[in-house]
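# Residue-level structural notes
Here is what each chain is made of, one letter per residue.
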Amino acid sequence: MPQRGDELLRNRRLKLERLLARGIDPFPPRFNRSHTTAQAVAALAAGPGGAEVEGSEVSVAGRMIRMRSMGKASFADIEDSEGNIQLFLRKNTLGDEYALLDDLDLGDFVGATGTMMRTRTGEVSVQVQTFTLLAKALRPPPEKFHGLRDVEQRYRQRYLDLISNREVHETMRSRSRIVSAIRAFFDSRGYLEVDTPVLVPVPAGAMAQPFITHHNALDRQLYLRIATELYLKRLIVGGMDKVYEIGRVFRNEGIDADHNPEFTLLESYEAYADYNDIMRLVETLVPEIASEVTGSTTVIYQGTELRLASPWPRLSLHEGVKQYAGIDLNDYPDAASLAGKMQELGVPATYAESRGRLIDKLVGTYVEPKLIQPTFLVDYPVEMSPLAKASPADSRYAERFEAFAAGMEIANSFTELNDPDIQRSRFTEQEELRKRYQGEDLDRMDEDFITALEHGMPPTGGLGVGIDRLVMLITGQSSIRDVLLFPQTRSTQPPPGTDQNQENEQVPEA
RNA sequence: GCCCCCAUAGCUCAGUUGGUUAGAGCGCCUGACUUUUAAUCAGGGCGUCACAGGUUCGAGUCCUGUUGGGGGCACCA
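Values in this document were obtained by computation on a predicted structure and should not be read as measured data.

Thresholds applied
Residues numbered from 1 in each chain as written. Chains lettered and ligands numbered in written order. Predicted model: local features only at pLDDT ≥ 70, side-chain atom pairs only at ≥ 80, totals over all residues. Heavy atoms only, no water. Helix = DSSP H or I, 4+ residues; strand = E, 2+ residues; numbered from the N terminus. Buried < 20%, exposed > 50% of the residue type's maximum accessible area, 1.4 Å probe, protein only. Areas by Shrake-Rupley, 256 points an atom, 1.4 Å probe, with all protein chains shown as cover. Lys, Arg positive; Asp, Glu negative; His and termini not counted. Charge placed at Lys NZ, Arg CZ, Asp CG, Glu CD. Near = heavy atom within 4 Å. Polar contact = N/O pair within 3.5 Å; in protein donor to acceptor, adjacent residues only side chain to side chain. Core = buried A, V, L, I, M, F, W, Y, C linked by side-chain atoms within 4.5 Å. Contact = heavy atoms within 4.5 Å. Pairing = 2+ DSSP bridges. Domains from an automatic or database assignment. Axes fitted to C-alpha atoms, helices over the stretch in contact; angles between N-to-C directions.

It is worth spelling out the overall build of chain A at this point. Counting its regular elements, chain A contains 14 helices and 18 strands. Viewed in the frame of its principal axes, chain A has a C-alpha envelope of about 90 × 70 × 50 Å. The buried share of chain A, reckoned over its 510 residues, is 47%. Counting only carbon and sulfur atoms, one obtains 50% of the accessible surface of chain A, whose full area is about 25,600 Å². Side chains of chain A give 58 positive and 76 negative charges; the mean places of these two sets differ by 6 Å.

In C-alpha cells:
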C-alpha cells in the first residue's frame with residue numbers, strides 16, 4: 001500500500017540503486033577535507049595584504065542545499081556548520097564524473113576538490129575538478145525558502161530544524177558559550193567543579209515532585225535528583241570550600257514555555273560567604289557572561305531592554321508585597337489570617353493553603369511581574385526556605401534572595417542553614433506541612449544530610465541558577481523549548497518491550 | 001489536571017454560506033540550457049484533507065470522541 005510521499009522516497013532509492021549498480025559507494029567511510037566552507041572563502045583572500053588570489057586548491061564537504069543546473073554546467077550550494085559555499089561544476093572539466101549529478105539530491109552530502117574563484121556575477125565558488133558523494137539522503141529536506149515552521153516537527157525532529165533554520169545553530173552556539181563562560185567564571189575564582197549523584201535515595205533539596213525509579217540489585221526505590229544542593233553541602237562539610245556543579249535535574253511537573261521536566265541547574269557553594277556575597281557574585285556573573293556571549297551587558301528580551309550591569313537593586317520581599325499587593329505580611333502571622341486578608345482584597349486564596357504557599361502566590365502574582373530590570377528580592381519568610389539560615393535581626397525571615405529579570409526567576413540563594421538541630425526541625429515541619437496540605441510540593445527529610453551537618457558545616461553561601469532560563473534571557477527566546485535541543489514532547493512511539501505489534505496500533509479501551 | 005485554539009501534498013500555505021474530479025509556490029519527475037543566486041523555460045498534481053464515528057442527497061468545511069501540537073490557568077525553576 002503506497003505511503004504518503006512514497007514517490008519522493010522511491011526516486012531517491014532508485015538513484016541509490018543506480019549508484020550501487022555503477023560501483024559507487026553511497027556511504028564512503030571518509031573524505032579528506034582541507035577547508036571548511038568558511039576557510040575556503042578565506043582562502044580566496046589569501047594574497048599579500050588580504051588581496052584576492054584565485055586558484056587556491058581546496059577540498060570542501062557539506063550538505064547540498066541548493067542546485068542550479070544549466071545543462072552542461074551546474075551550481076550547487078553546500079553547507080557545513082560554519083556556512084556555505086557554491087560549487088561550480090562544468091562538464092568539460094569533470095568529464096564523465098559530471099553524470100554523477102543525475103543521481104544526487106538536495107540533502108546529500110558531497111565532497112569536492114577544486115580551485116577557488118569568483119564567478120562572473122562575483123560569487124565566491126569552488127571550480128570543481130573532482131567530486132564525490134559522501135552520504136546519500138533517502139528522505140527529502142524541508143522546503144528551502146520558508147524553512148521548517150511546524151513547531152511539532154521542529155522539536156521532534158530537531159535535526160530538520162537545524163538543517164532548515166540557521167538561527168537555531170546560533171542559539172545553541174550561544175548556549176554552549178554561556179555554559180563555557182560560567183565554568184571559566186567559577187574556575188577562575190578558585191571553585192572546584194564536581195559531580196554528585198543523579199540517582200538518589202531521597203529526593204530532597206527543593207520543593208518538587210520527583211521521578212521515581214528502581215534499582216534491581218539493591219532492590220530499592222531510587223529517585224532522580226530534583227536538586228544538587230544537599231550533596232554539594234556535604235562537600236562543604238568535607239572541606240571543599242568552593243564547589244559548583246552544572247547538572248541536569250528532574251522535576252515531575254508540568255511542561256510549558258518555561259518548564260521542561262529535565263533542566264540544567266547551576267549550583268555553587270562557598271564557605272565563609274553569605275547571601276550578600278552571593279548577590280555580588282550574581283550581579284557580576286550575569287553581565288560578564290552576557291558581555292562574553294553578546295558583546296554587551298544590555299540585552300533585548302521580547303522587545304524590552306534589560307540592563308544587566310551591576311549593581312542590581314535589592315527589594316525586600318516584605319516591602320515588595322506591601323508595595324505591590326498592599327499587604328503587610330507581618331500583620332498576618334498565620335495561614336488563616338493571611339488567606340482571610342487575601343480574600344478580602346479579592347485575591348484567589350483558600351484556607352487549604354499553607355502560609356508559605358499563600359505568600360508565594362502573592363509574590364508570583366503581584367511582585368515578580370514587576371521585576372523587569374534585574375532585581376534581588378531578599379529576605380524570604382522562613383517557612384518558604386527550609387534550607388536557609390534565619391536572619392539574626394528578624395527570625396521570621398531567612399537570609400535568602402531570588403534574582404529576577406524580565407519577570408522571570410533566574411537565581412535562588414541563601415546563607416545556608418548549618419545548625420543540624422534547626423535543620424532537622426525544618427525538615428520535620430516540611431513533612432508535617434505535607435500531611436496537612438496535600439498536593440503542595442515540600443522538601444523532604446534527609447537523615448544522612450543531617451548527620452553530615454552534625455559533623456559541622458562552616459557558614460556558607462549557596463546559589464542556584466536555572467541555566468536554561470539564563471540562556472533564554474541572553475538569547476532573547478521566550479520559550480524554554482527554543483534553548484533546549486530536544487525538549488520533552490509526548491512520544492508517539494510505544495515504550496520498548498511493551499506488547500504491541502510493529503504496525504503500532506494500540507487501542508486504549510473505553 | 002482544567003479551559004481555549006490548531007492539524008489540508010515531502011515543505012510553506014490557500015480552500016467562499018456544506019455543492020462537480022482538492023488548489024498554489026517550493027520540492028519532485030520528463031525535456032532544454034556551459035557563469036547561476038529562491039536560476040529560467042516547457043510539460044507532469046505526486047493527497048487516507050491527523051484518526052474514528054455521526055448529521056446530510058452531498059462533509060476538507062457542521063457535530064462527537066481520540067491522538068498530537070500551541071496558548072492560558074494550576075504547579076514549579
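Surveying the vicinity of RNA strand B reveals 54 residues, the closest of which are T119, T121, E152, H259 and R469. Each atom of RNA strand B within 4 Å of the protein was classed as base or backbone; sugar and phosphate made up 57%. Note that a phosphate oxygen of RNA strand B is positioned 2.6 Å from one of the side-chain N or O atoms of R357. For RNA strand B, a sugar or linking oxygen lies 2.8 Å from a polar atom in the side chain of E409. If one sorts the elements of the surface near RNA strand B by residue count, helix α4 (residues 151-156) sits on top with five residues.

Let us look at the nonpolar core. Soluble, globular proteins show a tendency: their nonpolar side chains are buried together. If you look at the biggest cluster of nonpolar residues, it comprises 45 residues, and the most contacted ones within it are I182, F186, L266 and F401. It is helix α8 (residues 275-294) that contributes the most residues to this core, 10 residues altogether. Excluding residues that lie within four positions of it along the chain, F186 makes contacts with Y191, Y244, L266, S268, L281, L285 and L463. Of all hydrophobic cores here, the second largest spans 27 residues; its members include A335, L362, Y380 and M384.

With antiparallel pairing, three strands are arranged side by side in an open sheet as β7-β9-β8. Each end of this open sheet is capped by a strand with a single partner; those strands are β7 (199-200) and β8 (212-215). Pairing geometry for β8 and strand β9 (residues 220-224), over four bridges, is antiparallel. When the sheet's bridge partners are listed, H214 is paired in β9 with Q221.

This part is about the domain arrangement of chain A. Entries for chain A in the domain assignment read domain 1 (4-141) and domain 2 (164-313 + 373-482). A straight line from the C-alpha centre of domain 1 to that of domain 2 covers 48 Å.

By the secondary structure assignment, T460 is in strand β18 (residues 460-466). A relative accessible area of 0% means that T460 is categorised as buried. One polar contact links the side chain of T460 to the main-chain carbonyl oxygen of P458, over a distance of 2.8 Å. Those residues within four positions of T460 in sequence are excluded, and the remaining contacts are I236, Y269, E270, A271, Y272, A273, F414, T415 and E416.

Before going further, it helps to examine the pairing of strand β12 (residues 298-301). Covered by surrounding structure in β12 are V299 and Y301 only, the residues T298 and I300 on the alternate face being uncovered. The pairing of β12 with strand β13 (residues 304-307) spans four bridges and is classified as antiparallel. The residue of β13 that forms the bridge with I300 is E305. Taking the residues that link successive antiparallel strands as the turn, the β12-β13 hairpin has two residues, and the phi of Q302 there is positive, at about 50 degrees.

Turning our eyes to something else, we now look at the sheet that holds strand β5 (residues 124-135). The five strands are arranged β1-β2-β3-β5-β4 in a closed barrel whose pairing can be described as mixed. Strand-to-strand twist across the sheet, computed as the mean angle between neighbouring axes with direction ignored, equals 55 degrees. The sheet contact formed by strand β1 (residues 57-69) and strand β4 (residues 109-118) spans seven bridges and is antiparallel. Pairing of A61 across the sheet is with G111, part of β4.

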